[in-house]
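Chain by chain, the residues:
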Amino acid sequence: MAESSNPKKVVVLGSTGSIGESSLKVARDIPDRMQLVGLAANSSVDALAAQIGEFGIKQGCLYDPTGLDRLTSQVPDDVMLHTGEDGLVELATLPEADIVLIAIVGVAGLRPALAAIEAGKDIAVASKEILVMAGEAVMTAAREKGVNVLPVDSEHNAIFQCLEGKNPKDVSRLILTASGGPFRELPADGLARVTRAQALKHPTWEMGQKITIDSATLFNKGLEMIEARWLFDIEMARVDAIVHPQSIVHSMVEFIDGSILAQLSTPDMCFPIQYAVTWPERVPNTLEPLDFAELSRLDFEAPRWDDFPALGLARLAGETGGTLPAVMNAANEVAVSAFLKEAIAFPEIWETVGETMEGHETIAKPTLEEIIDADEWARRKVIQLIG
Ligand code: NAD
Ligand code: MG
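Read on for an overview of the structure. Computed from a predicted model, the values in this text were never measured in an experiment. (Residues numbered from 1 in each chain as written. Chains lettered and ligands numbered in written order. Predicted model: local features only at pLDDT ≥ 70, side-chain atom pairs only at ≥ 80, totals over all residues. Heavy atoms only, no water.)

**A word on the nonpolar core**
Next, step 1: By size, the foremost hydrophobic cluster in this structure holds 125 residues, and its most contacted members are Leu13, Leu36, Ile123, Phe232, Met328, Phe346 and Ile349.
Next, step 2: Here this core gets 12 residues from one element, more than from any other, and that element is helix α13 (residues 324-340). (Core = buried A, V, L, I, M, F, W, Y, C linked by side-chain atoms within 4.5 Å. Buried < 20%, exposed > 50% of the residue type's maximum accessible area, 1.4 Å probe, protein only. Helix = DSSP H or I, 4+ residues; strand = E, 2+ residues; numbered from the N terminus.)

**A word on a negative patch on the surface**
Next, step 1: A grouping of Glu348, Glu351, Glu355 and Glu358 is seen on the molecular surface, where their side chains present a negatively charged patch.
Next, step 2: With respect to the element layout, glutamate 358 can be found in helix α14 (residues 346-358). (Patch = residues over 30% accessible without salt bridge, like charges linked within 9 Å, V, L, I, M, F, W, Y side chains within 5 Å. Areas by Shrake-Rupley, 256 points an atom, 1.4 Å probe, with all protein chains shown as cover. Salt bridge = Lys/Arg side-chain N within 4 Å of Asp/Glu carboxyl O. Lys, Arg positive; Asp, Glu negative; His and termini not counted. Charge placed at Lys NZ, Arg CZ, Asp CG, Glu CD.)

**Side note on the packing of helix α6 (residues 128-145) against α13**
Next, step 1: Packing of α6 against α13 brings their axes to within 7 Å, and their N-to-C directions diverge by 145°. Between α6 and α13 the crossing geometry is left-handed. Contact residues: α6 offers Glu129, Val132 and Met133, while α13 offers Pro325, Ala326, Asn329 and Glu333.
Next, step 2: Here the residues of the contact of α6 with α13 sort into four nonpolar, one polar and two charged. (Axes fitted to C-alpha atoms, helices over the stretch in contact; angles between N-to-C directions. Left-handed = near helix turned anticlockwise from the far one by under 90°. Contact = heavy atoms within 4.5 Å. Nonpolar A, V, L, I, M, F, W, Y, C, P; charged D, E, K, R; others polar.)

**What to know about helix α1 (residues 18-29)**
Next, step 1: Its 12 residues give α1 an end-to-end C-alpha distance of 17 Å, which sits within 8% of 16 Å, the value for a rise of 1.5 Å per residue.
Next, step 2: If you check which residues of α1 are buried, you get Ile19, Gly20, Ser22, Ser23, Leu24, Val26 and Ala27.
Next, step 3: Looking at the buried positions of α1, the neighbouring elements they touch are β1 (8-13), β2 (34-41), α2 (45-55), β5 (99-102) and α11 (270-278). (Expected span 1.5 Å × (residues − 1).)

**A short note on a nonpolar patch on the surface**
Next, step 1: There is a patch of nonpolar side chains on the surface, built from Leu264, Phe292, Leu298 and Phe300 and spanning about 360 Å² of accessible area.
Next, step 2: With respect to the element layout, phenylalanine 300 can be found in the loop between α11 and α12 (310-320).

**A short note on the coordination of the magnesium ion (ligand 2)**
Next, step 1: Protein-derived ligands of the magnesium ion (ligand 2) are Asp153 (OD), Glu155 (OE) and Glu224 (OE), with the metal-ligand distances lying across 2.0 to 2.2 Å.
Next, step 2: Of note, the magnesium ion (ligand 2) draws all its donor residues from one chain, in the sequence arrangement D-x1-E-x68-E. By the burial criterion, aspartate 153 is buried, and glutamate 155 matches it. (Donors = N, O, S within 2.8 Å, 3.2 Å for Na, K, Ca; no water.)

Given below as structure tokens:
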């Protein structure tokens, strides 16, 4: 582990997105504890060039090679630029990096994550999809290499903090909080008429488009239940979800004696990102502290399992295991992108995912290759289903 006086050297994959931008904010806030050494984005040339300039980065990656010439002309000559999946792997294994923060949307971060582990790096994971798809493979590889998987997702970062120093045998339940999304109070028959713009308006968090739609269907919470199952090595039946509209309590752990520990803060992803980077230490920052006198109330209510079938589908996928979570995740990615293109209605997201899962013959104990095949099968299947 790095000496506390040295900054941790961090690579951010997905630096131009919502989590990426928050990571850069943390790096500006605690420069003596976090130093960026590599940045990767999909296709946002101008944003990536500005980031490389601001932080004096020497290693960059633009996944989409069509923008490479433009990027090259916007950065100093001594910056090494990479492209494609090989480029992401190059960044994920930079000799100088201590931690690779994976903030790419979807499963594109899987191979780079495994490569980082193989190279002995700690990984900080925002990309929940990779843990849903291949949680067992990622956690097993990390254990074998003796590297840490640090959760960035706010719920999992909260649980990680509540579990520190505790005996796993004493844990009875993990309780994930959910904002409930923009349609928490919408009657079930209104869900069919929900528009793209309405679904993209999240009540408490500012995030990328895919996760914002996932928060509206509650697939986000479903994916997070499976993510928790792998991160904390606990069976699905002991991972629960509760709606908490204010997003102040980020999640909770219940112990066998009935005591519950929770982690609270204002809803700002900089908190979990910073803790993932500085762990196991805590350092002061300029983030807004929670003012209890200003909080009028904290509410909790049961999720509407029947009206939001995504939760049940995720529980089924998590309990069944094998290739089914990968199928659910891939089907959801394609369905969400179809909804964003206004090609399908809102309820068709979970209907399509459910139908795809039904048509899948789950392979128990799959190899990584079988998982990737299942992911690709599901993507083709959804395209067939929605035409
Ligand atoms: P986003 O859409 O805002 O950003 C995605 C980033 O990934 C961009 O920088 C994009 O350039 C990059 N990217 C996409 N495909 C890529 C590829 N093939 N190669 C390299 N870079 C690529 O998404 P986001 O909201 O920041 O979410 C990122 C991940 O973090 C998702 O898995 C999401 O579920 C998770 N997450 C996000 C939040 C949040 O508050 N935004 C909270 C918890 C978890
Ligand atoms: Mg979350």
